[in-house]
Structure formats: structure tokens, C-alpha cells
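# Descriptive analysis of the structure
The residues making up each chain are set out below.
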Amino acid sequence: EMEAKYTRKMQALRDELDLRRKTEIHELEERKNTQISELIGNHEGAFGAIKNYYNDITAKNLTLINLLKEQVEELKKKEAVLEKEKADVVRENKGLTEPLHEAQELVAELQRKLVNYYRDKEALMNSKAHLKIAQKELKDLKWEHEVLEQRFSQVQEERDDLYQNFTRAINEVQQKTGYKNLLLERKLHGLLTLLEQKEVELSEVLAASNLDPSALSLVTHKLEDVLSSKNATIHDLQIQLARVCKAHNDMLQTFEAKLTAFGIPLDNLGFQPLSFPIPGQ
């Protein structure tokens, strides 16, 4: 009875556990099917999205390809046009090579001129500064010129007066000096002649007197004293004559220097000033 009892309990427990297991399996399968359905739905949505995405990309790529083909065609046309333009430009470049060379030389020349221009500009500024200084100096010089003209007029009047007075003085000095020189020369000539006569007479007297040597020595000493005195007088006269001649010549040189300083030619004197040779030179 106990074995049957526990067999019935075990069977009931098995049935309950089997039912619970089936229930749990059914729930698990339901959840699994739900998840599978969700995954399939998600996958189908993702696949649809990817499919739409790639379809869009494919459509865009086809559109882009068509567009690029059109652009390639246009680029080919443009390339042909550019090739033609390139050929034209090459021909123009060949024709412009010489003008370009000339233009480069012109640019180099202009650059040199530009350097010279800056140098000339600086020199011009310096010149303007110097010009201002020169204009101021010119103004001062004009004022000095007016003053000098007034002084020149005064000096010219003084020069005319001095010229007249000096001309009269030269004539007078020349006359006096010439007369004095003539007298001194005649006096000197007379003294020399007299000395020669006295020497001749003395020689004759000494020869005729037959004096003794002591008396002759005394007479000779006295004669030498007289001759020394006469020689000293002659020397003094020569010094005076040389002094007068030198003063006359110095006066002539001063007069000529003044005439040269005042711009008066020497030919305007109307006579030729005479310079006397200085004795002993």
C-alpha cells in the first residue's frame, strides 16, 4: 500500500514536473519565438535599410557616373578647345618672345633709371637745400653788392682824385729826381775828374820835389787821409743817389699797383714813367 501510495505520489509528482517542464519549455519556446521574430523583424528592417541605402548609393553612383561621363565629355571638348588655345598661345609666345626680351631689357633699363631717379631725387633734395642756402647767400650778396657799389662810387671818386694828384706828384717827383740825379752825377763826375787831376799834380810834385822818405811818408799819409775823406764823401753821395733812385722806383711800383688794383691800364697815363738804375747794382 505504501509502495502504491508513493508510486502514485511519484507519478503525480512526475506528471506535475512534466507539466511544469512542458509549461516552462512552452514559455521558453514562446520567448525564443518572440525573440526570433523580433530578430527577424530587426534583421529585415536593417536589411531593408541597407538595401535601400545601397540602392540609393547605387542610384547616386549611377547618376554620378552619368554626370561624370557628361563632365568627361565636356572636359574632352574643353581639352580640345584648350589644346587649340594652347597651340595658339604657343604661336603667340613664339611671336612674343622677342617683345618679351625687349620688355625685359626695358624693365632692366627702367630699374636702372629708377635707381638713378632715387639718386637724382635725393640729389634734387640736396640741391634744393643748397639752393635755399644759395638764395639766402645771394640775397646777402646783393645787399653787399649794393653796399660795395656805393663804396665803389666813393672809391672811384677818391681814385680819380688820387689819380690826378698822383699824376701831378709823379711828374713833380720825376722832374725833381731827374734834376737831382743829374746834379749828383755831374758833381760826382766833377769830383772824380778833380781827383784824377790832383793825383796827377801830386805825382808831378812828388817827382819834382825830391823829398826825403819821412817827409814823403807824411805827405802820403795826409794825402791818403784827404783821399779817404773824399772817398767817404763820394760813398755818401752814392748812397744818397741810390736811396733817391730806390724811393723813385718804389713810388712807381706802388703807383702801378694802385692803378692795377683800380683797374686802370698803364697806357692811360699819357706818358711812360722812367725808372732809374740804382748805383752799385
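See the structure shown above.
Residues numbered from 1 in each chain as written. Predicted model: local features only at pLDDT ≥ 70, side-chain atom pairs only at ≥ 80, totals over all residues. Heavy atoms only, no water.

### Section: the overall build of the protein
For the protein, the count of helices and strands is two helices and zero strands. By the burial criterion, 9% of the 281 residues in the protein qualify as buried. Accessible surface for the protein amounts to roughly 23,800 Å². Of this, 58% is attributable to carbon and sulfur atoms. (Helix = DSSP H or I, 4+ residues; strand = E, 2+ residues; numbered from the N terminus. Buried < 20%, exposed > 50% of the residue type's maximum accessible area, 1.4 Å probe, protein only. Areas by Shrake-Rupley, 256 points an atom, 1.4 Å probe, with all protein chains shown as cover.)

### Some words on the pattern of salt bridges
Any two side chains of opposite charge can pair, so long as their charged atoms come close to each other. A complete count under the given rule lists seven salt bridges for this structure. The residue lysine 22 makes a salt bridge to aspartate 18 at a minimum N-O spacing of 3.7 Å. One end of the pair, lysine 22, and the other, aspartate 18, are both in helix α1 (residues 2-209), four residues apart, so they sit about a helical turn from each other. Each of the salt bridges in this network shares a partner with another, and the network as a whole consists of Asp18, Arg21 and Lys22. (Salt bridge = Lys/Arg side-chain N within 4 Å of Asp/Glu carboxyl O.)

### Digging into the packing of aromatic side chains
Applying the stated criterion across every chain yields a total of two aromatic pairs. Aromatic pair tyrosine 53 and tyrosine 54: ring centres 5.3 Å apart, planes at 75 degrees, arrangement edge-to-face. (Phe/Tyr/Trp six-rings, centres within 6.5 Å; stacked < 30°, edge-to-face > 60°.)

### Some remarks on a negative patch on the surface
Taken together, the side chains of Glu24, Glu27, Glu29 and Glu30 make up a negatively charged region of the molecular surface. Looking at the element boundaries, glutamate 29 is found in helix α1. Glutamate 29 gets classed as partly exposed once you look at its relative accessible area, which sits at 39%. (Patch = residues over 30% accessible without salt bridge, like charges linked within 9 Å, V, L, I, M, F, W, Y side chains within 5 Å. Lys, Arg positive; Asp, Glu negative; His and termini not counted. Charge placed at Lys NZ, Arg CZ, Asp CG, Glu CD.)

### A few points about a nonpolar patch on the surface
There is a patch of nonpolar side chains on the surface, built from Ile50, Tyr53 and Tyr54 and spanning about 350 Å² of accessible area. Positionally, isoleucine 50 belongs in helix α1. Accessibility expressed as a relative area gives 45% for isoleucine 50, which makes it partly exposed.

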